[in-house]
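# Chain and residue survey
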Amino acid sequence: MPAIVTLDIYSGVPNPSWTLSDDQVQELQRKIGRTSGAEAQGGSLPVLGYRGFIIRPVESEHAPGPRVEGLEASHEGAEESVLSGIPEAEDFVLSTAGEAVDAELTRHVREAISAGTTRAALAEAAAEAARVTCPRCHAADAPAYNPGFWNAPGRQPRNNCYNYANDQATNTFAQPGRASGRMYTALTCQSVQPAAVSDGLAACPNFHGALARGHGWYVALVIWPGRDYHWYRQDNVGCWSHKPGSTPARNTDNSGAAIADPRTCNRGNYTQFCSYMITTRRVRIR
Amino acid sequence: MPATVIADVFSGVPNPEWAITGQLLVQLKLMLQQLATAGGLAGPEPPGLGYRGLILQFSPEEGIAGPLRVFEGYVVGPHGSWIDQGRVLEKWLLETGIRTLNADILRELLQEIG
């Protein structure tokens, strides 16, 4: 039974489609059959770019054709299947595209297929994010996670992680110590933390102590040694959020996982954890 | 400035940026003209922390809509996206920052681009 295959890749424009002959469907079935059950349950990933192939059997006059065995249905009760996470079968289907997929797109998809470990890591990160349990927030003043405010076009590029952690949009790309005349002199914990203290923040050992209304909320300082610093803040839901430089505010780490504790989350190059700190509405930054 | 490159890499301290003028600007425009369209692909999502690509901004008289983000083989702008095969444009742009970028940072970023 022939099948129609759709390369699931675009977000805006229509995805390319072509037909698999009966022989090609049988060859695909053989390649799927050679993989283990675990591998064959890749499913389509909710990521930008290449997400896999959707394979729909051609319907006869009276009934839909049989679904390709060994693949997940695209959704419950669907006749179409999703092929993803089985590189040998994906490469084969891509090779049948002919003129439906140009050379550049073929190259891109081939690279995406061979980067199967990256896709697996993404899936794992998404699963990890779903598993994170936010700790309890003990600070009555802790801000709500409100990325819409920070990601507005006039605000996002002019405010950094220090603005965000202190919940003050000064539009000055604020620097620790600049408002108090004691700006840091080196990109180390020993230099940046005192600069923040001079602005009015206070270091603390953890984020478990109760902070009554008017007594601020918890933030955390980390360092990319010799290069940069970064701040996180604990929101009122208990998980943490941050705003990397002029990029959008977000509540996930570099693995895409929710942040239960900035000390242990994926921070990329910012390998040095300095300390948790408390900021308040009385802190002045510039 | 006719064109500005911003290395989008830091969070707290300001990102390094530098201007592209004269013959370099002519070469940049030629390189942009030769890029193949990516047909709607947005390219990979940059990480939150760490190197997030190079941002190209143009003055209005240059007639190029920006900003353009050059990252991991794609050039993504407000009106389209293009393929930067082999990250040639990304490496070239980074090397134009040799007088602005700290030597260690430049080396690390070039290693990251590969």
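The sections below set out a description of the structure shown in this document. Not measured: the values here are computed from a predicted model. Counting restarts for each chain, with residues numbered from 1 along the sequence as it is written. Lettering for chains starts from A, numbering for ligands starts from 1, and both go in the order in which the items are written. Predicted model: local features are reported for residues with pLDDT of at least 70 only, side-chain atom pairs are reported and counted for 80 or more only, and whole-chain, interface and lining totals are derived from all residues. Water and hydrogen atoms play no part in the side-chain values, which are based on all heavy atoms of the structure.

Turning to the overall build of chain A, a few remarks are in order. Strands are runs of DSSP state E lasting at least two residues, helices are runs of H or I lasting at least four, and both sets are numbered from the N terminus onward. Summing up its helical and strand segments, chain A has seven helices and 10 strands in all. Each residue gets one of three labels from its accessible area relative to the maximum for its type: buried under 20%, exposed over 50%, partly exposed in between, using a 1.4 Å probe on protein chains only. Looking at chain A residue by residue over its 286 residues, the buried ones come to 46%. Excluding contacts between residues fewer than 6 apart, the proportion of contacts in chain A whose partners are at least 24 apart in sequence is 63%. As presented, chain A carries roughly 13,300 Å² of accessible surface, and 52% of it is formed by carbon and sulfur atoms. We call two residues contacting when some pair of their heavy atoms lies within 4.5 Å. Values of accessible area rely on a 1.4 Å probe in the Shrake-Rupley scheme; residue burial ignores everything except the protein chains shown.

Okay, helix H1 (residues 22-33) of chain B next. All names here are of chain B. An ideal rise of 1.5 Å per residue puts 16 Å on 12 residues; H1 measures up with 17 Å between its terminal C-alpha atoms. Every buried residue of H1 is listed here: Leu-25, Leu-28, Met-31 and Leu-32. Here the buried residues of H1 occupy an arc of 120° about the axis, which is enough to place them on one side. Exposed side of H1, more than 90 degrees from the buried face: Gln-23 and Gln-33 are the residues found there. In this analysis, the expected span of each helix is defined as 1.5 Å times one less than the number of residues it contains. Think of it as the arc spanned by the lines of direction from the helix axis to the C-beta atoms.

Listed in full, the buried residues belonging to helix H7 (residues 189-199) of chain A are Cys-189, Ser-191, Val-192, Gln-193, Ala-195, Ala-196 and Asp-199 of chain A. Looking at the buried side of H7 of chain A, the elements it contacts are helix H6 (161-166), strand E6 (202-204), strand E7 (217-224), strand E8 (228-234) and strand E10 (272-279) of chain A.

Here the focus is the pattern of salt bridges. Just to be clear on terms, a salt bridge is a Lys or Arg side-chain nitrogen sitting within 4 Å of an Asp or Glu carboxyl oxygen. Tallied over the entire structure, the rule returns 15 salt bridges over all chains. Notably, a salt bridge pairs Asp-167 of chain A with Arg-281 of chain A, separated by 3.1 Å at the nearest N-O pair. With Asp-167 of chain A in the loop between H6 and H7 and Arg-281 of chain A in the segment after E10, this pair connects stretches of sequence that are 114 residues apart. Judged by relative accessible area, Asp-167 of chain A falls into the partly exposed class, the value being 24%. Note on Arg-281 of chain A: relative accessible area 46%, which makes it partly exposed. A salt bridge links Arg-107 of chain B to Asp-104 of chain B, with the shortest nitrogen-to-oxygen separation between them at 2.8 Å.

Now for the environment of Arg-107 of chain A. By the element assignment, Arg-107 of chain A lies in helix H3 (residues 103-114). The contacts of Arg-107 of chain A, once residues within four sequence positions are left out, are Ile-83 and Gln-85 of chain B.

A few words on the state of the cysteines. Residue and element names in this part refer to chain A. Two cysteine sulfur atoms form a disulfide, by the criterion used here, when they sit within 2.5 Å. Counted by the stated rule, this structure contains two disulfides over all chains. Each disulfide pairs two cysteine sulfurs, and for Cys-134 the partner residue is Cys-239, the sulfurs being separated by 2.1 Å. Between Cys-134 and Cys-239 the sulfur-sulfur dihedral comes to about -100°; the bridge is accordingly left-handed. You can see Cys-134 sitting in the loop between helix H4 (116-131) and helix H5 (147-150) and its partner Cys-239 sitting in the loop between E8 and strand E9 (240-242), a full 105 residues away along the chain. Overall, the relative accessible area of 8% leaves Cys-239 in the buried class. Covalent S-S linkage joins Cys-189 and Cys-274, the inter-sulfur distance amounting to 2.0 Å. Residues Cys-189 and Cys-274 are joined by a disulfide whose S-S torsion is about -80°; by sign, that bridge is left-handed. Placement of Cys-189 in helix H7 and of Cys-274 in strand E10 is noted, with a sequence separation of 85 residues between them. Neither Cys-189 nor Cys-274 differs from the other in exposure class; each is buried. With its bonded cysteines labelled in order along the sequence, chain A shows the pairing 1-3, 2-4.

At the interface, 25 residues of chain B touch 32 residues of chain A. Between chain B and chain A the total buried area reaches about 2,100 Å² when both faces are included, carbon and sulfur atoms providing 55% of it. The largest share of the area that chain B buries against chain A comes from Ser-11, Leu-41 and Leu-49 of chain B, three residues that together contribute 28% of it. Viewed at the interface, chain A and chain B are joined by one salt bridge. As used in this structure description, the phrase polar contact means that two N or O atoms lie within 3.5 Å; if the pair is within protein, one of them must be able to donate a hydrogen and the other to accept it, and residues adjacent in sequence are counted only when both atoms belong to side chains. Counting the contacts that link chain B with chain A gives 12 residue pairs in polar contact (both at pLDDT 80 or more). Here the buried area means the combined drop in accessible surface, using a 1.4 Å probe, for two parts upon being joined, counting both sides.

This next bit is on the sheet that holds E9 of chain A. Residues and elements named next belong to chain A. Taken in spatial order, the five strands line up as E6-E10-E7-E8-E9 in an open sheet, and their pairing is antiparallel. The sheet is open, and its two borders are formed by E6 and E9, each paired with just one other strand. For this sheet the average axis-to-axis angle between neighbouring strands, irrespective of direction, equals 40°. Across three bridges, the pairing between E6 and E10 is antiparallel. Counted as the bridge partner of Ala-202 is Ile-278 from E10. Lines fitted to C-alpha atoms define the axes, with helix axes restricted to the stretch in contact, and inter-axis angles between N-to-C directions lie between 0 and 180 degrees. In this fold H7 packs onto E6, E7, E8 and E10, with an angle of close to 5° to the strand it touches most, E10. At least two bridges found by DSSP between two strands is the condition for calling them paired.

This paragraph deals with the nonpolar core. Burial of nonpolar side chains together is a common tendency in soluble globular proteins. Nonpolar cores are built from buried Ala, Val, Leu, Ile, Met, Phe, Trp, Tyr and Cys residues. Side-chain atoms within 4.5 Å join them into one set. Membership of the largest hydrophobic core comes to 70 residues, with the highest contact counts inside it found for Tyr-229 and Trp-231 of chain A together with Leu-28, Leu-54, Leu-89 and Leu-93 of chain B. Sorting elements by how many residues they give to this core places E7 of chain A first, with eight residues. Beyond its immediate chain neighbours, meaning those up to four positions away, Leu-54 of chain B contacts Val-5, Ile-6, Ala-7, Trp-18, Leu-68, Arg-69, Val-70, Glu-90, Leu-93 and Leu-94 of chain B. Core analysis: the next-biggest nonpolar cluster, separate from the first, contains 30 residues, Leu-20, Tyr-50, Phe-92 and Val-101 of chain A among them.

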